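# Inside the fold
Each chain, letter by letter, is given below.
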Amino acid sequence: MLAKGTVKKRWCNNFVIMSTIVAIKEEAVDIGAAAFTTSLNFLSNTLFSVDFADYESNASQEVIEIISGVVGIIAKPNLSDFFPMLPAIDPQAFEATSSTVEWAIADLLRNPEKREKARSEIREVVGQHKLVQESDILALPYLKAIVKETFRLHPPVTTVSRYYEADVEIDRYIVPKNTLVLVNIRAIGRDSSLWSNPESFVPERLLDSEIDVKGQHFELLPFGTGRRICPGIPLGDRMVHLMVASFLHTFDWKLEARMRPEDMDMKEKLGITMHKAHSSWNQNVTILVTN
Ligand code: HEM
């Protein structure tokens, strides 16, 4: 087993190194795939001190399929007593984390002045030649606002469901027993009675706000709420912050000469979670290594 701090450091380093290799080769980075591989390796390092996947081998999907199968077999009482996280390993958890990172980077590519603001904040707190550490995140309010705003606009899990076993009254509506109620988190995040200018990416609106993502503020529920709230909040939220901060800190992003930010394709695709429909912006992004 690696020491506790080592896992985090190694994971963060891996993410930056993996992206740096691609950037040095002057290839486009598939942010979604890099984030997916990283979240997978973070968990495998935490549990087994090994990397399960490699960004360049395209093996992440195979690993996920194996994990799903293995979890079904081994998450029986004995093994999950030793590894309580095992039953929670679900492809959706990695998808949710990586799609949030992908959207945050996409929105920042479309908004260069916000990207620069976030980079200066990180540079000031972390310094030019160090890697972002988990302890730095607390001192990065603009980064935190960016992540919340990304969750508002692009919650990876768009809908949560509840099944009512008895008649219930909710806000003057009677929900009869045996009803499955679907709550559209994405629609709430874009509701104009709750948010001004809801379709725009404006992290500033959440900068000095008390609204958080832990299920207490019903206008922003990316992790759900109540008894079935996502148990992976601390891990998922931390991974998203660290990955977005590492990307911003380590690389300078720009679109290829002929492409304008407003021309980026921001269509969504519904899979296990909500991902970007096209990675076309990947092919139009030049990444310069700054550190
Ligand atoms: C950005 C990352 C993530 C997001 C946005 C997310 C979102 C969600 C949402 C919306 C739910 C349904 C909650 C409800 O019905 O109220 C859920 C459930 C769940 N999540 Fe996550 N999740 C993320 C990461 C993770 C991670 C990293 C893990 C575990 C390692 C995890 C494990 C679970 C489990 C086990 C459930 C089912 C809980 C239950 O039904 O009682 N999630 N997640």
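Description of the structure in this document. Every chain begins its residue count from 1, and numbering advances along the sequence as written. Predicted model: local features are reported for residues with pLDDT of at least 70 only, side-chain atom pairs are reported and counted for 80 or more only, and whole-chain, interface and lining totals are derived from all residues. Values shown for side chains rest on all heavy atoms present in the structure; no hydrogens or waters enter the calculation.

### Section: the site of the ligand
We apply this condition: It suffices for a single heavy atom of a residue to lie within 4 Å of a molecule or strand for the residue to be listed as near it. The definition of a polar contact used here is a pair of N or O atoms within 3.5 Å, where within protein one atom must be able to donate a hydrogen and the other to accept one, and adjacent residues in sequence count solely through side-chain atom pairs. Numbering of helices and strands runs from the N terminus; a helix is a DSSP stretch of H or I covering at least four residues, while a strand is a stretch of E covering at least two. Residues are grouped as follows: Ala, Val, Leu, Ile, Met, Phe, Trp, Tyr, Cys and Pro are nonpolar; Asp, Glu, Lys and Arg are charged; all remaining types, including Gly, are polar.
Close to the ligand lie 20 residues; Arg 162, Pro 222, Thr 225, Arg 228 and Cys 230 are nearest. Separating an oxygen atom of the ligand from a side-chain N or O atom of Arg 162 is a distance of 2.7 Å. Between the ligand and Arg 228, the relevant distance is 2.7 Å, taken from an oxygen atom to a side-chain nitrogen or oxygen of the residue. Elements that contribute at least two residues to the shell around the ligand include exactly α5 (91-110) and β1 (159-164). No other element matches the three residues that α5 contributes to the shell around the ligand. Within the shell around the ligand, the residues separate by chemical class into 14 nonpolar, four polar and two charged.

### Quick word on the coordination of the iron atom of the ligand
What counts is decided by this rule: Metal-coordinating donors are taken as N, O and S atoms lying within 2.8 Å of the metal, or within 3.2 Å when the metal is Na, K or Ca; because water is left out, some sites can appear incomplete.
Exactly one donor from the protein chain reaches the iron atom of the ligand: Cys 230 (SG), at 2.3 Å. Here Cys 230 is to be found in the loop between α8 (185-189) and α9 (233-250).

### Some details on unusual backbone geometry
With the exception of glycine, most residues fall at negative phi, and the peptide bonds are largely trans. A positive phi is found at Asn 178, a non-glycine position, where the angle reads about 65°. By secondary structure assignment, the location of Asn 178 is in the loop between β3 (173-175) and β4 (179-184). One non-glycine residue, Asn 197, lies in the positive phi region at around 50°. Among the structural elements, Asn 197 can be located in the loop between α8 and α9.

### Re the environment of Val 125
The test is simple: For this analysis, residues touch if any pair of their heavy atoms sits within 4.5 Å.
With respect to the helices and strands, the residue Val 125 is situated in helix α6 (residues 112-126). As for Val 125 and Asp 136, which are separated by eleven residues in sequence, their C-alpha atoms are 7.0 Å apart. The residues touching Val 125, leaving out its near neighbours within four places in the chain, are Asp 136, Ala 139 and Leu 140.

### A few points about the nonpolar core
Just so we agree on the cut-off: In this description, a nonpolar core means a group of buried Ala, Val, Leu, Ile, Met, Phe, Trp, Tyr and Cys residues linked to one another through side-chain atoms lying within 4.5 Å. For every residue, the accessible area obtained with a 1.4 Å probe (protein chains only) is divided by the maximum for its type, and the residue is called buried under 20%, exposed over 50%, and partly exposed between those limits.
One finds Val 101, Ile 122, Leu 143 and Phe 247 to be the most contacted residues of the largest nonpolar core, which totals 47 residues. Of all the secondary-structure elements, those providing two or more residues to this core are α2 (31-48), α5, α6, α7 (141-153), α9 and β5 (251-255). For this core, the element with the most residues is α9, which contributes ten residues. Ignoring anything within four residues of it in the chain, the contact list for Leu 143 reads Glu 121, Ile 122, Ile 137, His 241, Val 244, Ala 245 and Leu 248.

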